[in-house]
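Each chain is listed here by its residues.
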Amino acid sequence: VGVELQQLYVTVVRDDRRVLDLGEDDFRIIDDGQDQELVTFARGDIPLAAALVLDSSGSMAGERIEAALAGAKAFVQDMRELDEAAVFLFSDGLLRSTDFAADSAVLEAALDNVEVSGRATAINDHLYLALKRLDSRQGRRVVLLLSDGADVHSVLGMQDVLWKARRSQALIYWIRLEGEGRYHGGSFNSTWRNYLENKEEWELLEQSVEDSGGRIVSVAVDDVEDAFREVLAELREQYVLGYYPSNIRNDGSWHEIRVRLRDAAGSVRTRNGYIDF
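Structural notes, computed from the coordinates. No experiment lies behind these values; they were computed from the predicted model shown.

Description of unusual backbone geometry
- Here the phi dihedral of Asp15 falls at roughly 55°; this positive angle occurs in a residue that is not glycine.
- Tracing the chain through its elements places Asp15 in the loop between β1 (6–14) and β2 (17–18).
- The class for Asp15 is exposed, based on a relative accessible area of 69%.
- For Asn250, which is not glycine, the phi torsion reads 55° and is therefore positive.
- The topology assignment puts Asn250 in the loop between β12 (238–243) and β13 (254–261).

Okay, structure coming up:
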């Protein structure tokens, strides 16, 4: 009675196209090496709560911030009746935020008249904030992080964010702007961290995205709006699998989850596990 239902949001891809015609008998769930009984199954559109976390630091000036705002507006304009979202604009601190709202007009207003500010980027702090705010929301929870660089100013380290992400059921999508001068791979020194420490922070951010069941979408400026629409389309076309773990220990250990297809062909993406607490 006390075991919490684990819900998995599952994307299945075959030949670069999402597969939408599978039934519950096509899936096998493995939790720490043990097969699990599937107790809930749904597919298609499930209401979502989205945190739109947009880098608004100085490096985003000009066409970059314009593309980011256009992408976020496209996302909220395409939301459906039971969907909701919140906006977080950040640089070295939080510049602007909203409560979660279902009214696209309210959200679009928060995306108007935005000016970039600050030279530093605090991704860790604001990704953690978004995950924390999502804790109280219902349904499918998702973070869309858009940034053109790496963290150089957060109080929190990525280990803290990874800890939070592993205790959340939120998906994380990182829309990563490409271009010259970006800190790809964390290959730089900064005030707080040296080359190797920044590289580790970058890799932990990538791991947080992967563990959540989301993905990294690397795009040029001209493709940002399409990236937001593509992520929303993917969210609309996922399977939702629910099960009660048979091997709960309440010891803070990490449970590795694997979802396999029994007979159908295709690759499966979902979160990699959860903390047993």
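Picking up after the structure, the text goes on.
A closer look at the sheet that holds strand β8 (residues 94–97)
- Overall, mixed pairing links the six strands, which are arranged β8-β7-β6-β9-β10-β11 in an open sheet. Two strands in the sheet have a free side with no partner beyond their single neighbour: β8 and β11 (216–219). Put simply, the sheet's adjacent strands are angled 15° from each other on average, direction ignored.
- Where strand β6 (residues 48–55) meets strand β9 (residues 140–147), seven bridges bridge the pair, whose relative direction is parallel. The partner of Leu52 across the bridge, within β9, is Leu144.
- Of the strands in this sheet, β6, β9 and β10 (171–177) are in contact with helix α1 (residues 63–77), which crosses β6 at around 175°.
- Lying on the sheet, helix α3 (residues 123–134) is in contact with β6, β7 (84–90), β8, β9 and β10; it crosses β9 at an angle near 165°.

What about the packing of aromatic side chains?
- Applying the stated rule across the entire model yields four aromatic pairs.
- Taken together, Phe27, Phe41 and Tyr239 form an aromatic cluster joined through their ring pairs.
- Positioned above the aromatic ring of Trp254, the side-chain terminus of Arg166 is 4.1 Å from the ring centre.
- Above the plane of the ring of Trp174 lies Arg176, whose end atom (NZ or CZ) is 4.7 Å from the centre.

Some remarks on α3
- Compared with the 16 Å implied by 1.5 Å per residue over twelve residues, the 17 Å span of α3 between its first and last C-alpha is a close match.
- For α3, the full list of buried residues reads Ile123, Asn124, Asp125, His126, Leu127, Ala130, Leu131 and Leu134.

Some details on the packing of α1 against helix α6 (residues 224–236)
- Relative orientation of the contacting elements α1 and α6 amounts to 30°, with a least axis distance of 7 Å. When the axis of α1 is compared with that of α6, the two are roughly parallel. Crossing of α1 over α6 shows right-handed handedness. Residue-level inspection shows Ala67, Ala68, Ala70, Gly71, Ala72, Ala74 and Phe75 of α1 in contact with α6, the latter providing Val224, Glu225, Phe228, Arg229 and Leu232.
- Here the contact of α1 with α6 is composed, by residue class, of nine nonpolar, one polar and two charged.

The rules behind the values
Residues numbered from 1 in each chain as written. Predicted model: local features only at pLDDT ≥ 70, side-chain atom pairs only at ≥ 80, totals over all residues. Heavy atoms only, no water. Helix = DSSP H or I, 4+ residues; strand = E, 2+ residues; numbered from the N terminus. Buried < 20%, exposed > 50% of the residue type's maximum accessible area, 1.4 Å probe, protein only. Pairing = 2+ DSSP bridges. Axes fitted to C-alpha atoms, helices over the stretch in contact; angles between N-to-C directions. Contact = heavy atoms within 4.5 Å. Phe/Tyr/Trp six-rings, centres within 6.5 Å; stacked < 30°, edge-to-face > 60°. Lys NZ or Arg CZ within 6 Å of the ring centre and 35° of its normal. Expected span 1.5 Å × (residues − 1). Parallel < 35°, antiparallel > 145°, perpendicular 65-115°, else oblique. Left-handed = near helix turned anticlockwise from the far one by under 90°. Nonpolar A, V, L, I, M, F, W, Y, C, P; charged D, E, K, R; others polar.

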